[in-house]
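Here are the chains, one letter per residue:
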Amino acid sequence: NSQRVLSATVRDITERKQVEEELRNSRELYSLIMQGSKDGIWDWNLLDNRVYFSPAWKGQLGYSDDELENSFATFERLLHPNDTIEVMTHIDDYLQGKVKQYDIEFRMQHKDRTWRWIRTRGAAIYNAEGIATRMAGSHADITEYKRQAEKLHAIEDRYRLLATLVSDNV
């Protein structure tokens, strides 16, 4: 009984260490992409309705990360009232497979109370029963693009009118 006993278990953890390294590399890559992109990122768990909005997503609307709650209700509240039905219909149509891509433009209210044009794209993951369980995507402020497009259309309209007037006079 006064003898000392040494007991040891040896386990090869090489595979676990490789997976940990791959995970670390994936996180680093994700972080670099997030820093390099001007797009906001959103991630929606459809099973429990939890939503994540990245700081860039919130920043496009003039908010800091802690000023907006990560909830679908936040998204709905900031949507332009005239765009709500179209956006919700598009989400439903995408999740039900009626449209192949989730890609839509709509307006959202900025913290300064102005309306910003947003283009969002996303994709869903479906379970074995074909039910969407998660959806994630990007969120880009295209307000300046929309302003420039409006200016271009106004110029085109003026030239079209000018061409009509000139041809009528000739």
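Everything below is about the structure shown above.
Everything numeric here is computed off the predicted structure, so don't read it as measured data.

A. Fine view of the overall build of the chain. Regarding its fold elements, the chain presents five helices and five strands. Overall, the chain shows an N-to-C arrangement of helices and strands of α-β-β-α-α-α-β-β-β-α. What you see for the chain is a C-alpha radius of gyration of 25 Å, clearly larger than the 15 Å of a compact globule of 170 residues, by over 25%. With respect to the three principal axes, the spread of C-alpha positions in the chain is 120 × 35 × 30 Å. For the chain, with 170 residues in total, the buried portion stands at 27%. For the chain, the share of sequence-separated contacts (at least 6 apart) that also reach a separation of at least 24 residues comes to 41%. When the accessible surface of the chain is totalled, it reaches about 12,600 Å², and 52% of it is carbon and sulfur.

B. Fine view of the packing of aromatic side chains. Overall, the coordinates contain six aromatic pairs when judged by the stated rule. Measuring from ring centre to ring centre gives 6.0 Å for W42 and Y102, while their planes differ by 85°; the resulting arrangement is edge-to-face. One end of the pair, W42, is in strand β1 (residues 40-45); the other, Y102, is in strand β3 (residues 102-109), with 60 residues separating them in the sequence. Classification of W42 by relative accessible area gives buried; the value is 8%. For the pair Y94 and Y102, a centre-to-centre distance of 6.0 Å together with 55° between the ring planes defines the contact as tilted. When sorted by exposure, Y94 lands in the same class as Y102, which is buried.

C. Structural detail: helix α4 (residues 84-95). Helix length check: α4, at 12 residues, gives a terminal C-alpha distance of 17 Å against a target of 16 Å (1.5 Å per residue), a fit within 8%. Every buried residue of α4 is listed here: V87, M88, H90, I91, Y94 and L95. Relative to the axis of α4, the buried residues are bounded by an arc of 155° and lie together on one face. Elements that come into contact with the buried residues of α4 comprise β1, α3 (72-78), β3, β4 (115-126) and β5 (132-141). At the C-terminal side of α4, G97 shows a positive phi close to 80°.

D. Structural context of the sheet that holds β1. Pairing is antiparallel across the open sheet formed by five strands, whose spatial order is β2-β1-β5-β4-β3. Every interior strand has two partners, whereas the edge strands, β2 (50-53) and β3, have only one. Taking each pair of neighbouring strands and ignoring which way they run, the sheet shows an average axis angle of 25°. In this sheet, β5 lies alongside β1 in antiparallel orientation, the contact comprising six bridges. The partner of I41 across the bridge, within β5, is S138. Seen against the sheet, α4 touches β1, β3, β4 and β5 and runs at an angle of roughly 155° to β3.

Rules used throughout
Residues numbered from 1 in each chain as written. Predicted model: local features only at pLDDT ≥ 70, side-chain atom pairs only at ≥ 80, totals over all residues. Heavy atoms only, no water. Helix = DSSP H or I, 4+ residues; strand = E, 2+ residues; numbered from the N terminus. Rg over C-alpha atoms; globule rule 2.2 N^0.38 Å. Buried < 20%, exposed > 50% of the residue type's maximum accessible area, 1.4 Å probe, protein only. Contact = heavy atoms within 4.5 Å. Areas by Shrake-Rupley, 256 points an atom, 1.4 Å probe, with all protein chains shown as cover. Phe/Tyr/Trp six-rings, centres within 6.5 Å; stacked < 30°, edge-to-face > 60°. Expected span 1.5 Å × (residues − 1). Arc of directions from axis to C-beta. Pairing = 2+ DSSP bridges. Axes fitted to C-alpha atoms, helices over the stretch in contact; angles between N-to-C directions.

Honestly, that's just the spatial picture; any functional story needs more than this.
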